Amino acid sequence: MLKIDPHFELVPIANHHVRPLFHIIDHDRHYLRQWQNWPDYIRTLDDVRAIVRRSDEKRATNNGFDLVILYQGEIVGKIGLVYVAWGDSRTEIGYWLAKEYQGKGIMTRACRAVTDYALTEMGLEGVHVRVAVGNMGSRAIPERIGFANTGVLPNKTWLHGQRIQEVLYIMTIEKWRRINAIEESISGNSG
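Structural notes, computed from the coordinates. (Residues numbered from 1 in each chain as written. Predicted model: local features only at pLDDT ≥ 70, side-chain atom pairs only at ≥ 80, totals over all residues. Heavy atoms only, no water.)

**Description of the overall build of the protein chain**
Counting secondary structure elements, the protein chain contains six helices and 10 strands. For 191 residues, the compact-globule estimate of 2.2 N^0.38 gives 16 Å, and the protein chain sits close to it at 17 Å. Considering only C-alpha atoms, the protein chain reaches an extent of 50 × 40 × 35 Å along its principal axes. Looking at the protein chain as a whole, 46% of its 191 residues qualify as buried. In the protein chain, once contacts between residues fewer than 6 apart in sequence are set aside, the share between residues at least 24 apart is 60%. (Helix = DSSP H or I, 4+ residues; strand = E, 2+ residues; numbered from the N terminus. Rg over C-alpha atoms; globule rule 2.2 N^0.38 Å. Buried < 20%, exposed > 50% of the residue type's maximum accessible area, 1.4 Å probe, protein only. Contact = heavy atoms within 4.5 Å.)

Next up, the structure:
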């Protein structure tokens, strides 16, 4: 669990989250599928239960995790490490947020917390985020945190029967340390 403040925490996905997650996915399906294929395949509670099982398997094999985003006591989305490439010392963050909670800085704070955890607690050297070129709202998240835009990936991704391009964002442990040192310096000087 990552507690960000008294009203905001990230908790490991579990079976008791299935109904509220399904409700969000079902309610926001059209919105969520603009940039993702997965909402088309989450049609029942059992489909969400399968996500929980896969997350349990990832955690058990130390190959990532999925966290439910709790904001003011409500489940509002999901974030996690899609995989962990231990040999390359890197991981990739995946995330989504309910439409009505967009624009509140929730995902930026959640992504910052997961990035920090991956780099400082897990000891990884890099965190990646892939985002569709046209998804400006989602692209703003790694950009706000300070991820480097490494450019458009050479291979296109399938989205609803069409090929789209994605941008790859990378945060390295070295850059993360510099960002945190600057933030600590600023907050220390503001007192």
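After presenting the structure, the write-up continues.
**Considerations on the sheet that holds strand β7 (residues 148-152)**
Overall, mixed pairing links the eight strands, which are arranged β1-β2-β3-β4-β5-β6-β10-β7 in an open sheet. Strands with a single pairing partner mark the edges of an open sheet, and in this sheet they are β1 (2-5) and β7. Neighbour to neighbour, the strand axes of the sheet diverge by 25 degrees on average, direction disregarded. Of the pairings in the sheet, the one linking strand β2 (residues 8-12) to strand β3 (residues 65-71) comprises five bridges and is antiparallel in character. Paired with P12 across the bridge in β3 is L67. Running over the sheet, helix α1 (residues 18-27) touches β3, β4 (74-85) and β5 (90-97) and is turned about 95 degrees from β4. (Pairing = 2+ DSSP bridges. Axes fitted to C-alpha atoms, helices over the stretch in contact; angles between N-to-C directions.)

**Considerations on the packing of helix α4 (residues 106-121) against helix α5 (residues 136-145)**
Contact pair α4 / α5: the axes reach a minimum separation of 9 Å and the direction vectors enclose 50 degrees. Between α4 and α5, the angle is such that the two are oblique. Between α4 and α5 lies a crossing whose hand is right-handed. From α4, M107, T108, C111 and R112 reach across to α5, where they touch I141, R144 and I145. Tallied by class, residues from the contact of α4 with α5 come to four nonpolar, one polar and two charged. (Parallel < 35°, antiparallel > 145°, perpendicular 65-115°, else oblique. Left-handed = near helix turned anticlockwise from the far one by under 90°. Nonpolar A, V, L, I, M, F, W, Y, C, P; charged D, E, K, R; others polar.)

**A closer look at the side chain of D66**
By secondary structure assignment, the location of D66 is in strand β3. A polar atom in the side chain of D66 sits 3.1 Å from the side chain of S55. In this view, D66 contacts V11, P12, I13, S55, K58, R59, K78, I79 and G80; residues no more than four positions away in its chain are not counted. (Polar contact = N/O pair within 3.5 Å; in protein donor to acceptor, adjacent residues only side chain to side chain.)

**Re the packing of aromatic side chains**
Counted by the stated rule, this structure contains four aromatic pairs. Residues F8 and Y71 carry aromatic rings whose centres are separated by 5.9 Å and whose planes lie at 90 degrees to one another, so their mutual orientation is edge-to-face. Residue F8 is found in strand β2, and its partner Y71 is found in strand β3; the two are separated by 63 residues along the sequence. Neither residue differs from the other here; F8 and Y71 are each classed as buried. Plain terms: the ring middles of Y71 and Y101 are 6.1 Å apart, the flat faces sit at 80 degrees to each other, and that makes the pair edge-to-face. One end of the pair, Y71, is in strand β3; the other, Y101, is in the loop between β5 and α4, and 30 residues separate them in sequence. For Y71, a relative accessible area of 17% gives the class buried. Through a chain of ring-to-ring contacts, the aromatic side chains of F8, Y71 and Y101 assemble into a single cluster. (Phe/Tyr/Trp six-rings, centres within 6.5 Å; stacked < 30°, edge-to-face > 60°.)

**Observations concerning the pattern of salt bridges**
Where side chains of opposite charge bring their charged atoms close, a pairing between them can arise. Applying the stated criterion across every chain yields a total of 12 salt bridges. Ionic pairing is found between E143 and R139, a salt bridge with its closest N-O pair at 4.0 Å. Separated by four residues within a single helix, E143 and R139 lie in helix α5, roughly one turn from each other. Overlapping salt bridges bring together K58, D66 and K78 as one network. (Salt bridge = Lys/Arg side-chain N within 4 Å of Asp/Glu carboxyl O.)

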